[in-house]
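Analysis of the macromolecular model
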Amino acid sequence: GAGVSQSPSNKVTEKGKDVELRCDPISGHTALYWYRQSLGQGLEFLIYFQGNSAPDKSGLPSDRFSAERTGGSVSTLTIQRTQQEDSAVYLCASSLLSGRMDNEQFFGPGTRLTVL
Amino acid sequence: GENVEQHPSTLSVQEGDSAVIKCTYSDSASNYFPWYKQELGKRPQLIIDIRSNVGEKKDQRIAVTLNKTAKHFSLHITETQPEDSAVYFCAAGKGFQKLVFGTGTRLLVSP
């Protein structure tokens, strides 16, 4: 595709349910990032993939959060037993590991998660 | 770990004025400093970035300066227009690793 896509665009769930959020990066982009943006706040790093491995999971808030990436492409962020504080926009970004010092991260449109 | 602070949190200017947003970072190993613009309900989009081996970069009405010694970098927008109104985020990173973002500056340009 032309850009990073995410699905669903909106997700409303009940407290305690599990949710899966999907990210399709730009074709050929090796690196994939997940961030979380609460209402009116900045972007909070969650996890980063290089290929299918995750060298940095330091931003995952708790063990209820997990993510995987298969085939070096699509990634899924899973939140188990959702809580109201998980409500936020979850943003995915991808970048081309060109070997240069700067690697622009291209963002997807985000998934707005609301936990009732 | 890296910590990025951004000021001011809100900035109101008249059309045609200049706007300056400042950020500081803590990790001297950071070498990549992008600036993103986020309009309401939209995704963040890169507007300009700078690497640690460069002190200043300009793109039309937008410029970024970097002071590695002081560990701060700034975004300068000249001749502001109403369509510049948005939230601006600075960030710091090391190569392809994660970006650590500032808390954002809401810029309002009044006609």
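Structure first, text after, so check above.
All residue numbers refer to positions counted from 1 along the written sequence of the respective chain. Numbering of ligands from 1 and lettering of chains from A proceed in the order in which they are written. Restriction of local features to residues with pLDDT of at least 70 applies here, the model being predicted, together with a cutoff of 80 or more for giving and counting side-chain atom pairs; totals for whole chains, interfaces and linings are based on all residues. Processing note: side-chain calculations cover all non-hydrogen atoms of the structure and skip hydrogens and water entirely.

Turning next to the interface of chain B and chain A. Every residue pair with non-hydrogen atoms within 4.5 Å of one another is taken to be in contact. Listed by partner, the interface residues are 20 residues for chain B and 22 residues for chain A. Taking both partners together, chain B and chain A bury about 1900 Å²; carbon and sulfur atoms supply 59% of that area. The largest contributions to the chain B side of the interface with chain A come from B:Arg43, B:Phe96 and B:Lys98, which together make up 33% of the buried area. Salt bridge, as used here, is a side-chain nitrogen of Lys or Arg placed within 4 Å of a carboxyl oxygen of Asp or Glu. Across the contact surface, chain B and chain A share 1 salt bridge. Nitrogen and oxygen atoms within 3.5 Å of one another constitute a polar contact, given that in protein one can donate a hydrogen and the other can accept it, and given that sequence-neighbouring residues count only through two side-chain atoms. Counting across the interface, chain B meets chain A through 5 residue pairs in polar contact (both at pLDDT 80 or more). Strands here mean DSSP runs of E at least two residues long; helices mean DSSP runs of H or I at least four residues long; both are numbered from the N terminus. When contributions to the side of chain B that touches chain A are tallied by element, the ones reaching two or more residues are strand S4 (32-38), strand S5 (45-51) and strand S10 (99-101) of chain B. Among the residues making up the side of chain B that touches chain A, the classes are represented as 8 nonpolar, 8 polar and 4 charged. Buried area adds together the accessible area that both of two parts lose upon being put together, with accessible area traced by a 1.4 Å probe. Basically, the charged four are Asp, Glu, Lys and Arg, the nonpolar ten are Ala, Val, Leu, Ile, Met, Phe, Trp, Tyr, Cys and Pro, and anything else, Gly included, counts as polar.

The tendency in soluble globular proteins is for nonpolar side chains to be buried side by side. Here, the term nonpolar core denotes a set of buried Ala, Val, Leu, Ile, Met, Phe, Trp, Tyr and Cys residues that are joined through side-chain atoms within 4.5 Å. Working definition: with a 1.4 Å probe on protein chains only, accessible area under 20% of the residue-type maximum means buried, over 50% means exposed, and in between means partly exposed. B:Trp35, B:Phe73, B:Leu75 and B:Leu107 are the most contacted members of the largest nonpolar core, which totals 24 residues. Contributing elements (two or more residues each) for this core: strand S2 (10-14), strand S3 (19-25), S4, S5, strand S7 (62-67), strand S8 (72-77), strand S9 (86-93) and strand S11 (105-110) of chain B. Once residues within four sequence positions are removed from consideration, B:Leu75 is found in contact with B:Ala19, B:Val20, B:Ile21, B:Trp35, B:Ile47, B:Ile48, B:Ile62, B:Ala63 and B:Tyr88. Counting residues in hydrophobic clusters, the runner-up holds 19 residues, among them A:Cys23, A:Trp34, A:Phe65 and A:Ile79.

Residue and element names in this part refer to chain B. Criterion used throughout: strands pair if DSSP finds at least two bridges between them. Spatially, 5 strands are ordered S1-S3-S8-S7-S6 in an open sheet, and the strand pairing comes out antiparallel. Edge positions in the open sheet fall to strand S1 (4-7) and strand S6 (56-59), since each of these has one partner strand only. The average undirected angle you get between the axes of adjacent strands in this sheet is 15°. Bridge analysis of S7 against S8 gives 6 bridges, and the strand direction is antiparallel. Paired with Ala 63 across the two strands is His 76, which belongs to S8. Axis definition: a line fitted to C-alpha atoms, over the contacting stretch in the case of helices. Angles run 0 to 180 degrees between N-to-C directions.

What follows covers the side chain of B:Ser74. Turning to its location among the elements, B:Ser74 is positioned in strand S8. Those residues in contact with B:Ser74, other than ones at most four positions away along the chain, are B:Val20, B:Ile21, B:Lys22, B:Trp35, B:Ala63, B:Val64 and B:Thr65.

Bringing the state of the cysteines into the picture now. Any cysteine sulfur atom paired with another within 2.5 Å is treated as part of a disulfide. Counted by the stated rule, this structure contains 2 disulfides over all chains. The disulfide partner of A:Cys23 is A:Cys92, and the S-S distance across this bridge is 1.8 Å. Around the S-S axis, the bridge from A:Cys23 to A:Cys92 shows a dihedral of about -65° and counts as left-handed. Taken together, the residues span a long stretch of sequence, with A:Cys23 in strand S3 (residues 19-24) and A:Cys92 in strand S9 (residues 88-95) at a distance of 69 residues. Across this residue pair, the class does not change: A:Cys23 and A:Cys92 are buried. For B:Cys23, the disulfide goes to B:Cys90, at an S-S distance of 2.0 Å. Between B:Cys23 and B:Cys90, the S-S dihedral sits near -100°, and the bridge is therefore left-handed.

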